[in-house]
Amino acid sequence: MDNRNGLLIRIADMNDIKSLSRLYEEFFKYNSSQQPFSCAEAEENGDYPQSVIEGTTGDIFVSEIDNVIVGFIHLEEDKTDPFPCVVQRKFTRIIDLYIKPEYRKNGIGKLLIEKAKEWSVNRKHDYLELMVLDNNEIGKNFYKKENFVTTSNTMRYIL
């Protein structure tokens, strides 16, 4: 649990599924506006956040102000492919990070990234990794400010 200036950051629980589902729908809509070829608006019935909450390999941290969830970060344990030519590493994959637009630029994203770093260190992971949509300039700029570096690019040829 983290509580700074009225902001609470904590691990999500089953009571958060409805709020998380609504936030995921906003996230899906945002992603579809950024990259409509790959991302679509969708309904979230709660199955996805519930599977993470009940699972053993990841967590969702929520940011809460006045008992209202305004953002989240979904973290999962991962490891490099087991090929002899690949250095074996355990790492944290940031699956999703979303903050309601009216709460952005208040340090919430930075605090969620700090929580991800703590989570990763506690699991003795070597690094954090994420994917950001190429058109998401806001996201890319945020991650650069948080000292993330590009290590590869996914390229696609559309048929």
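Remember, it's a predicted structure, so these values are computed and weren't measured experimentally.

Q: Before we move on, can you summarise the packing of helix α1 (residues 17–34) against helix α2 (residues 47–54) with the specific residues and values?
A: Interaxial distance between α1 and α2 falls to 8 Å at its minimum, and their mutual angle equals 125°. The pairing of α1 with α2 is recorded here as oblique in orientation. Our pair here, α1 against α2, has a crossing hand that is right-handed. Along the contact surface, α1 presents Ile-17, Leu-20, Ser-21 and Tyr-24, while α2 presents Tyr-48, Pro-49, Gln-50 and Ile-53.

Q: Please provide a residue-by-residue account of the environment of Thr-92, values included.
A: Structurally, Thr-92 is set in strand β5 (residues 90–99). Along the primary structure Thr-92 and Val-121 are separated by 29 residues, whereas in three dimensions their C-alpha atoms are 9.4 Å apart. Ignoring sequence-local partners within four residues, the contact set of Thr-92 consists of Leu-75, Glu-76, Trp-119, Ser-120, His-125, Tyr-127, Leu-128 and Glu-129. Of note is the side chain of Thr-92, whose polar atom sits 2.6 Å from the side chain of Ser-120.

Q: Give me the pattern of salt bridges: which residues, what numbers.
A: For the structure shown, the criterion picks out 13 salt bridges. Between Lys-100 and Glu-26 there is a salt bridge, with its nearest N and O atoms 2.7 Å apart. Placement of Lys-100 in the loop between β5 and α3 (108–122) and of Glu-26 in helix α1 is noted, with a sequence separation of 74 residues between them. Looking at Lys-100, the relative accessible area reads 16%, which means it is buried. Residue Glu-26 is classed as partly exposed on the basis of its relative accessible area of 27%.

Q: Residue-level account of the pairing of strand β4 (residues 68–79), with values.
A: Sheet faces and side chains relate simply in a regular strand, where the side chains alternate between the two faces. Note: strand β3 (residues 58–65) against β4, eight bridges, orientation antiparallel. Bridged to Gly-58 within β4 is Glu-76. Between β3 and β4, which pair antiparallel one after the other, the connecting turn spans two residues, and Asp-66 there sits at a positive phi close to 50°. Across nine bridges, β4 lies against β5 in antiparallel orientation. Bridging across to β5, Glu-77 finds its partner in Thr-92.

Rules and cut-offs
- Residue numbering note: each chain is counted from 1, following its sequence as written.
- Given that the model is predicted, a residue must reach a pLDDT of at least 70 before its local features are reported, and side-chain atom pairs must reach 80 or more before they are shown or counted; all residues, however, enter totals for whole chains, interfaces and linings.
- As a rule here, side-chain values cover all heavy atoms of the structure and leave hydrogens and water aside.
- For helices, the fitted axis covers only the stretch in contact; all axes are lines through C-alpha atoms, and the angles between them, taken along N-to-C directions, range from 0 to 180 degrees.
- Helix and strand definitions follow DSSP, with helices as H or I runs of at least four residues and strands as E runs of at least two, each counted in order from the N terminus.
- Roughly parallel means an angle under 35 degrees; roughly antiparallel means over 145; roughly perpendicular covers 65 to 115; every other angle is labelled oblique.
- In this scheme the crossing of two helices becomes right-handed for a clockwise turn of the near helix relative to the far one and left-handed for an anticlockwise turn of less than a right angle.
- Contacts were defined at the residue level, with two residues in contact if any of their heavy atoms lie within 4.5 Å.
- Within 3.5 Å is the distance limit for a polar contact, defined as a pair of N or O atoms, with the added protein rule that one can donate a hydrogen and the other accept it, and that residues adjacent in sequence qualify only through two side-chain atoms.
- We count a salt bridge whenever a side-chain nitrogen from Lys or Arg sits within 4 Å of a carboxyl oxygen from Asp or Glu.
- Throughout, exposure labels follow a simple rule: accessible area from a 1.4 Å probe, protein chains only, divided by the maximum for the residue type, with under 20% read as buried, over 50% as exposed, and the rest as partly exposed.
- We call two strands paired when DSSP finds no fewer than two bridges between them.

Purely geometric numbers; function is a separate question.
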